[in-house]
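# Topology and contacts: notes
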Amino acid sequence: MTTQNTLGYHFAKRPRRLRSDAFCRDLVRETTLKPSDLIYPLFIVEGEREYQPIPSMPGIYRYSIDLLLQEAAVVYTLGIPAIALFPVIDDAKKTADAREAYNPEGLVQRAVKALKESLPDLGIITDVALDPFTSHGQDGVIDEKGYVLNDETINILIKQSLSYAKAGADIVAPSDMMDGRVGQIRQALEKEGFINTKILAYSAKYASHLYSPFREAVQSAKRLGKSNKQTYQLDIGNTNEALREIALDIEEGADIVMVKPALAYLDIIWRVKQTFEMPTFAYQVSGEYSMLMAAIQQGWLTEEAILECLVSIKRAGADAILTYFAKEIAPLLK
Ligand code: PBG
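What counts and what doesn't
Residues numbered from 1 in each chain as written. Predicted model: local features only at pLDDT ≥ 70, side-chain atom pairs only at ≥ 80, totals over all residues. Heavy atoms only, no water. Axes fitted to C-alpha atoms, helices over the stretch in contact; angles between N-to-C directions. Helix = DSSP H or I, 4+ residues; strand = E, 2+ residues; numbered from the N terminus. Parallel < 35°, antiparallel > 145°, perpendicular 65-115°, else oblique. Contact = heavy atoms within 4.5 Å. Nonpolar A, V, L, I, M, F, W, Y, C, P; charged D, E, K, R; others polar. Phe/Tyr/Trp six-rings, centres within 6.5 Å; stacked < 30°, edge-to-face > 60°. Buried < 20%, exposed > 50% of the residue type's maximum accessible area, 1.4 Å probe, protein only. Pairing = 2+ DSSP bridges. Right-handed = clockwise from strand over helix to strand, strands pointing away. Patch = residues over 30% accessible without salt bridge, like charges linked within 9 Å, V, L, I, M, F, W, Y side chains within 5 Å. Areas by Shrake-Rupley, 256 points an atom, 1.4 Å probe, with all protein chains shown as cover. Salt bridge = Lys/Arg side-chain N within 4 Å of Asp/Glu carboxyl O. Lys, Arg positive; Asp, Glu negative; His and termini not counted. Charge placed at Lys NZ, Arg CZ, Asp CG, Glu CD.

## A few points about the packing of helix 9 (residues 266-276) against helix 11 (residues 304-316)
Where helix 9 meets helix 11, the axes come as close as 8 Å, and the angle between the chain directions of the two elements is 30 degrees. Between helix 9 and helix 11, the interaxial angle falls into the category roughly parallel. Residue-level contacts link Leu266, Ile269 and Trp270 of helix 9 to Ser312, Ile313, Arg315 and Ala316 of helix 11. Broken down by class, the residue content of the contact of helix 9 with helix 11 amounts to 5 nonpolar, 1 polar and 1 charged.

## Thoughts on the packing of aromatic side chains
Within the structure shown, the criterion is met by 14 aromatic pairs. Between the aromatic rings of Phe86 and Phe214, the centroid separation amounts to 5.2 Å while the plane-to-plane angle is 90 degrees, which identifies the pairing as edge-to-face. Highlighted residues: Phe86 in strand 4 (residues 82-87) and Phe214 in helix 6 (residues 212-217), separated in sequence by 128 residues. Across the pair, Phe214 and Phe86 agree in class, each one buried.

## Examining unusual backbone geometry
A cis geometry characterises the amide bond from Lys260 onward to Pro261, with omega recorded as -10 degrees. Here Pro261 shows up in the loop between strand 8 (256-260) and helix 9. Despite not being glycine, Ala98 shows a phi value in the positive range, around 55 degrees. Within the secondary structure, Ala98 sits in the loop between strand 4 and helix 3 (107-118). For Ala98, a relative accessible area of 0% puts it in the buried group. Residues other than glycine seldom take positive phi values, yet Gln219 does so here, at roughly 60 degrees. In this fold, Gln219 is placed in the loop between helix 6 and helix 7 (221-224).

## Quick notes on the pairing of strand 9 (residues 280-284)
By the criterion of burial, strand 9 is predominantly enclosed, with 5 of the 5 residues buried. Side chains Thr280, Ala282 and Gln284 of strand 9 all project onto a buried face; the interleaved residues Phe281 and Tyr283 project onto the opposite face, where all are buried too. Pairing between strand 8 and strand 9: 3 bridges, direction parallel. Of the residues in strand 9, the one forming a bridge with Val259 is Ala282. Regarding the hand of the β-α-β motif, the stretch spanning strand 8, helix 9 and strand 9 is right-handed. With 4 bridges connecting them, strand 9 and strand 10 (residues 320-323) associate as parallel partners. Looking across to strand 10, one finds that Gln284 is bridged to Thr323.

## With respect to a positive patch on the surface
A grouping of Arg14, Arg16, Arg17 and Arg19 is seen on the molecular surface, where their side chains present a positively charged patch. For Arg16, the location among the structural elements is in the segment before helix 1 (22-28). Judged by its relative accessible area of 67%, Arg16 falls in the exposed class.

## Side note on the pattern of salt bridges
Per the stated rule, a full pass over the model turns up 16 salt bridges. Residues Lys113 and Glu105 are paired through a salt bridge, measuring 3.4 Å at the closest nitrogen-oxygen approach. Judged by relative accessible area, Glu105 falls into the partly exposed class, the value being 47%. Between Arg181 and Asp176 there is a salt bridge, and its shortest N-O distance comes to 3.2 Å. There is no split in this pair, since Arg181 and Asp176 are both buried.

## Comments concerning a nonpolar patch on the surface
A surface patch of nonpolar side chains, amounting to about 430 Å² of accessible area, comprises Leu18, Phe23, Leu27 and Val28. As for its position among the elements, Phe23 is in helix 1. The exposure class assigned to Phe23 is exposed, which follows from its relative accessible area of 54%.

This is the structure:
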């Protein structure tokens, strides 16, 4: 058999050679996804045996603590190392000063304690921001013009972080984008002896329109109304600013940095990982989930599209990915 073409040319380099067999494709694949690359975000509510679907996020529910424990056990068995908790707070407990955020008997605090009792080895990440607790839906406290006050907000974020750490949270994750909060939270944790409580800083969090389903899930959308978060979250056109934010959070003591959203910000993930060589997480946010799910439910895309998006996020440089697909995808990765 000849491998010459009609001009008598012998091909020395055939990139397709490596792709001709499945075993070989497996051996040379540079980026693969494992269940241990995933973090599962979970919404929690008060009550018992509560299991509330979120219309814009098919397959995602709000769980009361009893059912959260069951769900977390499934997640843990799948080899997913950690979950991230997002509370849905009763309207009556939302105030302008968000004081429910650091109630030692609050929903998050009780959930963390219960999880640590039943699944001590599952990593628990708690979100540090005030939006679930404020009557106006902003991540911080506001002045009379609605401007989110930086330093006043940090004072509350410190109390919130300490209260989560006391409850047993392994990682506190400030997602509020206030200036200087990582350093102050770090100091407070050190002072109180929480030397191994990790800070996952949502350092490059964009003022994205891909958060809408999340805001429905935590019921902050109606509170927020027509207001936005552009005075603290990053402008979608900026890259250098993201790098400056990341640099500050690292300097202030962040253990892990995060880029959010993920798929529309792969360039940022790439640059952050290349520049800082820090543990870097990415958040495939609610809107990314809903877009894919909607197309899959229509039959326009298959589940493999989920894997492809997740691999692209990892290929860009993410060490781990927060994704609402974690539970569905992990069994396919074993
Ligand atoms: C707010 C917060 C948001 C998300 C996580 N924490 C949204 C926002 O800034 O309004 C979004 C997550 C998602 O869309 O999946 N602290």
